[in-house]
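One-letter residues, chain by chain:
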Amino acid sequence: LILGATFKENVNDLRNTRVAEVVQELENHGIEVSVYDPLVDTGEIQKLNMRPLKNPFEAKEKFDAVVLAV
């Protein structure tokens, strides 16, 4: 699980985010990655080929690791 997807804190701007590159690298190693950012619409996260999570506190799946991307 990656918490945080935006370029800067307290904005919903994904234009210069490096999180998409981190997700891609992890997926290249066979790791399934979900991304959560409360400021960003899940559709915008999907546009960058990332798997959005609506609310990590209500997730039915368990995570092996959590990355805080801030």
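From a predicted model like this one, the values you see are computed outputs, not experimental measurements.

## Quick look at the sheet that holds strand β3 (residues 67-68)
Sheets are built from strands that pair by backbone hydrogen bonding, the pairs being arranged parallel or antiparallel.
Consideration 1: Spatial ordering of the open sheet is given by β2-β1-β3, a layout of three strands whose pairing is parallel. The outermost strands of the open sheet, each flanked by one partner alone, are β2 (35-36) and β3.
Consideration 2: Summarising the sheet, strand β1 (residues 2-3) and β2 pair through two bridges and their orientation is parallel. The residue of β2 that forms the bridge with I2 is V35.

## What about the nonpolar core?
Consideration 1: With ten residues, the main nonpolar core is built from I2, A5, L14, V19, V23, V33, V35, V40, I45 and M50.
Consideration 2: Once residues lying within four places of it in the same chain are set aside, the contact partners of V33 are I2, V23, L26, E27 and R51.

## Comments concerning the side chain of D37
Consideration 1: Tracing the backbone shows D37 in the loop between β2 and α2 (42-47).
Consideration 2: Buried charge D37 goes without a salt bridge, the closest partner of opposite sign being K8 at 13 Å.
Consideration 3: Only 3.3 Å separates the side chain of D37 from the backbone nitrogen of T6, close enough to count as a polar contact.
Consideration 4: Ignoring anything within four residues of it in the chain, the contact list for D37 reads G4, A5, T6 and I45.

Rules used throughout
Residues numbered from 1 in each chain as written. Predicted model: local features only at pLDDT ≥ 70, side-chain atom pairs only at ≥ 80, totals over all residues. Heavy atoms only, no water. Pairing = 2+ DSSP bridges. Helix = DSSP H or I, 4+ residues; strand = E, 2+ residues; numbered from the N terminus. Core = buried A, V, L, I, M, F, W, Y, C linked by side-chain atoms within 4.5 Å. Buried < 20%, exposed > 50% of the residue type's maximum accessible area, 1.4 Å probe, protein only. Contact = heavy atoms within 4.5 Å. Lys, Arg positive; Asp, Glu negative; His and termini not counted. Salt bridge = Lys/Arg side-chain N within 4 Å of Asp/Glu carboxyl O. Polar contact = N/O pair within 3.5 Å; in protein donor to acceptor, adjacent residues only side chain to side chain.

As far as function goes, none of this settles anything; it's purely spatial.
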